[in-house]
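Coordinate analysis (summary)
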Amino acid sequence: MAERTKIWIADTMKKLMMKKPLDKIRVTEICKEADIERPTFYYHFRDKYDLVAWIFFHDAFETDIVSVESSAKAMSRMKNDIIFYKRAYEDQSQNALWKYMLEYFTRRYSDLAMEKLGTSTLDPQVAYSIRFYCTGAVGMTREWVLNDNITSAETVVQMMFASMPENLREIYFK
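Below you will find a few notes about this structure. Source: prediction; values computed, not measured.

**Brief notes about the overall build of the protein chain**
Across its full length, the protein chain holds 10 helices and zero strands. When the elements of the protein chain are put in sequence order from the N terminus, they spell out α-α-α-α-α-α-α-α-α-α. Taken against the 2.2 N^0.38 rule, which gives 16 Å for 174 residues, the C-alpha radius of gyration of the protein chain at 17 Å falls within 12% of a compact globule. Dimensions of the protein chain, computed from C-alpha atoms along their principal axes, come out at roughly 50 × 40 × 30 Å. In the protein chain, which comprises 174 residues, the proportion classed as buried is 47%. For the protein chain, contacts bridging at least 24 residues in sequence account for 68% of all contacts bridging at least 6. Of the roughly 9,900 Å² of accessible surface on the protein chain, 54% is carried by carbon and sulfur atoms. Side-chain charges of the protein chain comprise 25 positive and 25 negative groups, with the mean position of each set lying 5 Å from the other.

Given below as structure tokens:
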């Protein structure tokens, strides 16, 4: 039931973002459109930024982050919801989507590296390389969503993987 409610609220948010930017949407408006009470919203989300991050995480959770095919499918889904993602990426507040994405992907790549290396801590250079790569990948994803109407998701993902530092490629792909 809770998952269905979250999806209902998320779908409402996406509809609202088709009409106006994130900074112009208020929680009261989300609640009115979703036909829910404010406590229901706050039971599931801290604020509208938490909701936008949940939408992203919900969409990204199933993605295999070291698979061109899986990552390209995820980016294609972003293109299918392009107005939502454009509006989310345009937001430059302290809770901007790209910040959530950077932390999310840094954590996922770090966890995967520790799993593949059989360790509970990462060498400082590996940790730096992960943060460096994720910062670039999130930044280029943002640029792709906001400005690129030509390059396919598959091509973008292939270019990202080709740009991955060699020490990370050795961990994830060999």
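**Points about empty space enclosed by the protein**
Which parts of space are left empty comes out when a probe the size of a water molecule is rolled across the atoms. Applying the stated rule across the entire model yields one cavity of 30 Å³ or more. Taken together, 22 residues make up the lining of the largest cavity; nearest its centre are T63, S71, M75, F105 and T141.

**Describing the environment of I25**
Mapped onto the elements, I25 comes out in the loop between α1 (2–19) and α2 (27–34). Counting along the chain gives 23 residues from I25 to K48, while the straight-line C-alpha distance between them is 8.3 Å. Apart from residues no more than four positions distant in its own chain, I25 is found in contact with M13, L16, M17, K20, I30 and K48.

**Observations regarding the layout of surface pockets**
The computed volume of the largest pocket comes to approximately 260 Å³. The wall of the largest pocket is formed by 13 residues, among which G136, M140, M159, M160 and S163 lie closest to the centre. Among the elements of the structure, α8 (124–147) and α9 (153–162) are those that each provide at least two residues to the lining of the largest pocket. With seven residues, the top contributor of residues to the lining of the largest pocket is α8. Per-class residue counts for the lining of the largest pocket are nine nonpolar, two polar and two charged.

**Quick word on the environment of L168**
As for its placement among the helices and strands, L168 is situated in helix α10 (residues 166–173). Of the residues examined, L168 reaches a relative accessible area of 0% and is grouped as buried. Remark: the alpha-carbon pair of L168 and S129, spanning 39 residues in sequence, is separated by 7.1 Å. Discounting residues that sit within four places of it in the chain, L168 has contacts with V126, S129, I130 and Y133.

Procedures and definitions
- Residues numbered from 1 in each chain as written.
- Predicted model: local features only at pLDDT ≥ 70, side-chain atom pairs only at ≥ 80, totals over all residues.
- Heavy atoms only, no water.
- Helix = DSSP H or I, 4+ residues; strand = E, 2+ residues; numbered from the N terminus.
- Rg over C-alpha atoms; globule rule 2.2 N^0.38 Å.
- Buried < 20%, exposed > 50% of the residue type's maximum accessible area, 1.4 Å probe, protein only.
- Contact = heavy atoms within 4.5 Å.
- Areas by Shrake-Rupley, 256 points an atom, 1.4 Å probe, with all protein chains shown as cover.
- Lys, Arg positive; Asp, Glu negative; His and termini not counted.
- Charge placed at Lys NZ, Arg CZ, Asp CG, Glu CD.
- 1 Å grid on protein atoms, 1.4 Å probe; cavity = no way out; pocket = protein on both sides within 12 Å on 5 of 7 lines; lining within 4 Å.
- Points joined across faces, edges and corners; volume = space filled by probe spheres on them.
- Nonpolar A, V, L, I, M, F, W, Y, C, P; charged D, E, K, R; others polar.

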